[in-house]
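Okay, here's what each chain looks like letter by letter:
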Amino acid sequence: MARLNSYLNFNDQCREAMNFYKDCLGGELTFTTVGESPMASQMPPSMKDAILHASLTIGNNMLMGSDMRRKQVTESDGISLCLNCDSEEEITEFYNNISKGGTVKEPLNEMPGGAKIGVVTDKYGKSWMFYYDANA
């Protein structure tokens with residue numbers, strides 16, 4: 001079955017942001033810079049340290065990113081990364097970690113039926129929804 005992964009574009013903050021996400025969520029992180037790629041000779045020297053591709057692998061999930069979108073990236077209304085957590089401890093830890101330096105849009109709240117939900121815009125302008133259902 002196909003998997004759907006998220007790909008985030010940054011304004012020259014990909015390395016910083018992806019390291020932040022790794023610190024918050026764990027996983028294995030890899031980077032490829034423009035200077036390490038076959039296209040290095042075709043790009044301006046000022047872009048040699050820009051991130052061509054980053055991958056943060058967390059279990060069967062992957063969060064990817066790049067600095068290669070050269071026009072200004074702005075916060076995307078209507079799009080959120082949804083992190084479905086396996087425990088109350090996990091949702092609290094991840095929510096608190098991603099919230100650092102960001103803006104809480106909806107604090108972690110228990111919903112009718114026992115599910116917990118919270119929404120944060122992180123310090124890079126990306127919207128995150130956290131979800132945990134103890135009954136699932």
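Predicted model only: the values in this text are computed from it and were never measured.

Draft legend 1. Looking closely at the nonpolar core. Ranked by size, the top nonpolar core spans 25 residues in total, and within it Phe10, Met18, Tyr21, Leu63, Ile98, Trp128 and Phe130 carry the most contacts. The set of elements that each furnish at least two residues to this core consists of helix H1 (14-25), strand E3 (51-58), helix H2 (88-99) and strand E8 (127-133).

Draft legend 2. Broad picture of the side chain of Ser127. Within the element layout of this structure, Ser127 appears in strand E8. Reaching out from Ser127, the side chain makes a polar contact with the side chain of Ser80 at a distance of 2.8 Å. Residues within four places of Ser127 in sequence aside, it is in contact with Ile79, Ser80, Leu81, Val119, Val120 and Thr121.

Draft legend 3. Spotlight on the packing of H1 against H2. Interaxial distance between H1 and H2 falls to 9 Å at its minimum, and their mutual angle equals 155 degrees. When the axis of H1 is compared with that of H2, the two are roughly antiparallel. The two elements H1 and H2 meet at a crossing, and its hand is right-handed. Each of Phe20, Tyr21, Asp23, Cys24 and Leu25 in H1 lies in contact with H2, whose residues at this interface are Phe94, Asn97 and Ile98. Class assignment for the residues of the contact of H1 with H2 results in six nonpolar, one polar and one charged.

Draft legend 4. Spotlight on the pairing of E3. Relative to E3, strand E2 (residues 28-33) runs antiparallel, the two sharing six bridges. Within E3, the residue paired with Glu28 across the bridge is Thr57. Here E3 pairs with strand E4 (residues 61-66) via five bridges, running antiparallel. Across the sheet, residue Ile58 finds its bridge partner in E4, namely Asn61. Connecting the antiparallel pair E3 and E4 is a turn made up of two residues, with Gly59 showing a positive phi of about 60 degrees.

Draft legend 5. A look at the pattern of salt bridges. A full pass over the atoms with the stated rule returns two salt bridges. Of the charged contacts, one joins Asp49 and Lys48 as a salt bridge, the two residues approaching to 3.5 Å between their closest N and O atoms. The partner of Lys116 in a salt bridge is Glu88, with the nearest N and O atoms 3.0 Å apart. Remark: Glu88 occurs in helix H2 and Lys116 occurs in strand E7 (residues 115-121); sequence separation between them is 28 residues.

Criteria and thresholds
- Residues numbered from 1 in each chain as written.
- Predicted model: local features only at pLDDT ≥ 70, side-chain atom pairs only at ≥ 80, totals over all residues.
- Heavy atoms only, no water.
- Core = buried A, V, L, I, M, F, W, Y, C linked by side-chain atoms within 4.5 Å.
- Buried < 20%, exposed > 50% of the residue type's maximum accessible area, 1.4 Å probe, protein only.
- Helix = DSSP H or I, 4+ residues; strand = E, 2+ residues; numbered from the N terminus.
- Polar contact = N/O pair within 3.5 Å; in protein donor to acceptor, adjacent residues only side chain to side chain.
- Contact = heavy atoms within 4.5 Å.
- Axes fitted to C-alpha atoms, helices over the stretch in contact; angles between N-to-C directions.
- Parallel < 35°, antiparallel > 145°, perpendicular 65-115°, else oblique.
- Left-handed = near helix turned anticlockwise from the far one by under 90°.
- Nonpolar A, V, L, I, M, F, W, Y, C, P; charged D, E, K, R; others polar.
- Pairing = 2+ DSSP bridges.
- Salt bridge = Lys/Arg side-chain N within 4 Å of Asp/Glu carboxyl O.

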